[in-house]
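One-letter residues, chain by chain:
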Amino acid sequence: MLPSLPSDYRALVFGSSGGIGGAVAAALEGDPRCAEVVGLSRRDGFDLEDEASIAGAAERLAGQAFDLLFDATGALVIDGAGPEKALRGIDPEAMARQFAVNAIGPALILKHFTPLMPRGQRALFGTLSARVGSIGDNRLGGWISYRAAKAALNQIVRTAAVEVARQRPEAVLAALHPGTVETRLSDPFAGSRDRLTPAASAAALLSVLDGLSPRQSGGFFAYDGQAIEW
Ligand SMILES: NC(=O)c1ccc[n+]([C@@H]2O[C@H](COP(=O)([O-])OP(=O)(O)OC[C@H]3O[C@@H](n4cnc5c(N)ncnc54)[C@H](OP(=O)(O)O)[C@@H]3O)[C@@H](O)[C@H]2O)c1
């Protein structure tokens, strides 16, 4: 796995308690070339809605370098508030929480953790967006807060990639669509639709990230390697 990284690479997984995050952490733990996997989640007091908890986690790891940062956090239903079917369903507080978890949280991860990416060598940062965050691909409507928060996340990744490239030209940052995956997030919405197992999605996402060049940094890619329109 991840042949583009050094043979003793180190990885950090945010949201390691989640369906996809847990599968990413397990895949990395099973890779003999991976020297260490550190997982962070709310079980460790790491909460995207509390910047101090993010800063504290970064401080505890200061001085260490991570070749791979994988952000598998995110939410579709937050404290019982699910995706809206129509404009009349917009609730300002629920919409703000969607932005807090799906856009601002990953922005804070970038703020506090990109300094832990090594300089002068390849390093990877992937964050889980969603195809429904694509503005160009939006034909069905609905889910306005989740869609808008993921679109904001995509812009955050793009902007961060431009800045990170100045000091770390070999780094790759990417927004990733994991496919429709069997997790508690998609369970209520899956219907009879085929879903990937978390293990299959995790393996595909790591392979896509591994294959990206620094020229592709800041892009939006699906688990099958295809670029997704903004
Ligand atoms: N599953 C799909 O079909 C699908 C499709 C497209 C995109 N995605 C995206 O993939 C990502 C992972 O989803 P998943 O399916 O693996 O869902 P999941 O099993 O519900 O995992 C979500 C993860 O995010 C964490 N999280 C949520 N709110 C948080 C907060 N405030 N602070 C810190 N961590 C928080 C959860 O922590 P706790 O364990 O503490 O709740 C969990 O680790 C999400 O960004 C989702 O939008 C999933």
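As a reminder, the structure under discussion sits directly above these lines.
Notes on the structure in this doc start here.

Conventions and cut-offs
What you see as residue numbers is a count from 1 along each chain, following the sequence as written. Given that this is a predicted model, residues contribute local features only at a pLDDT of at least 70 and side-chain atom pairs are listed and counted only at 80 or more, while totals for whole chains, interfaces and linings are drawn from all residues. The basis for every side-chain value is the complete set of heavy atoms in the structure, and neither hydrogens nor water enter the calculation. Put simply, DSSP H or I for four residues or longer makes a helix, DSSP E for two residues or longer makes a strand, and each gets a number counted from the N terminus. Taken over C-alpha atoms, the radius of gyration is set against a globule rule of 2.2 Å times the number of residues to the power 0.38. In this scheme, a residue with accessible area under 20% of its type's maximum is buried, one over 50% is exposed, and one in between is partly exposed, where area comes from a 1.4 Å probe on protein chains only. Contacts between residues were defined by any pair of non-hydrogen atoms, one from each residue, lying within 4.5 Å. Surface accessibility in these figures is a Shrake-Rupley result with a 1.4 Å probe; residues are shielded only by whichever protein chains are displayed. We call a residue near a molecule or strand as soon as one heavy atom of that residue lies within 4 Å of the molecule or strand. Any pair of nitrogen or oxygen atoms within 3.5 Å is treated as a polar contact; in protein, a donor-acceptor pairing is required on top of that, and neighbouring residues in sequence qualify only through side-chain atoms on both sides. Under the grouping applied here, Gly and all other residues not named as nonpolar or charged are polar, the nonpolar ones being Ala, Val, Leu, Ile, Met, Phe, Trp, Tyr, Cys and Pro and the charged ones Asp, Glu, Lys and Arg. The nonpolar core is taken to be a set of buried Ala, Val, Leu, Ile, Met, Phe, Trp, Tyr and Cys residues, with the residues joined through side-chain atoms within 4.5 Å. Salt bridges are defined by distance alone: a side-chain nitrogen of Lys or Arg within 4 Å of a carboxyl oxygen of Asp or Glu.

The next subject is the overall build of the protein chain. A tally of helices and strands in the protein chain yields five helices and six strands. Computed over the C-alpha atoms, the radius of gyration of the protein chain is 17 Å, within 12% of the 17 Å expected from 2.2 N^0.38 for a compact globule of 230 residues. Along the first, second and third principal axes, the C-alpha atoms of the protein chain reach 50 × 35 × 30 Å. Considering the protein chain as a whole, with its 230 residues, one finds that 49% of them fall into the buried category. The long-range share in the protein chain, meaning contacts at least 24 apart out of those at least 6 apart in sequence, stands at 74%. Accessible area for the protein chain stands at about 10800 Å²; split by element, carbon and sulfur atoms hold 52% of it.

What follows deals with the site of the ligand. In the vicinity of the ligand there are 27 residues, among which S17, G19, T73, Y146 and T183 approach most closely. Between the ligand and the protein, one listed contact pairs an oxygen atom with a backbone N or O atom of G18 at 3.0 Å. Contact distances for the ligand include 2.6 Å between an oxygen atom and a backbone N or O atom of T73. Taken by itself the ligand offers 890 Å² of open surface, and the protein chains cover 92% of this. Tallied by class, the residues present in the shell around the ligand amount to eleven nonpolar, twelve polar and four charged.

This part covers the nonpolar core. Across soluble globular proteins, nonpolar side chains have a tendency to be buried as a group. Counting residues in each nonpolar core, the largest one holds 34 residues, and the members touching the most others are L12, F14, F46, L69, F113 and L173. For this core, the secondary structure elements donating two or more residues are strand 1 (9-14), strand 2 (34-40), helix 2 (51-60), helix 3 (92-113), strand 4 (123-128), helix 4 (144-167), strand 5 (171-177) and strand 6 (219-222). With near-sequence residues (within four places) excluded, L173 lies in contact with L110, M117, F125, V157, A160, A161, V164, Q216, S217, G218 and G219. Formed by 28 residues, the second largest nonpolar core is a distinct cluster that contains A25, L176, V181 and L209.

Let us now look at the pattern of salt bridges. Summed over the entire model, instances satisfying the criterion amount to six salt bridges. Residue R139 is joined to D137 by a salt bridge in which the shortest nitrogen-to-oxygen separation is 3.1 Å. Two residues, D187 and R195, come together in a salt bridge whose shortest N-O distance is 2.8 Å. Residue D187 is classed as partly exposed on the basis of its relative accessible area, which comes to 44%. A residue is classified by how much of its surface remains accessible, and R195, at 26% relative accessible area, is partly exposed. Bridged by salt links that share partners, the residues E49, D79 and R97 form one connected network.

Taken as a whole, helix 2 has its buried residues at S53, I54, A55, G56, A57 and A58. Each element contacted by the buried residues of helix 2 is listed here: strand 2 and helix 3.

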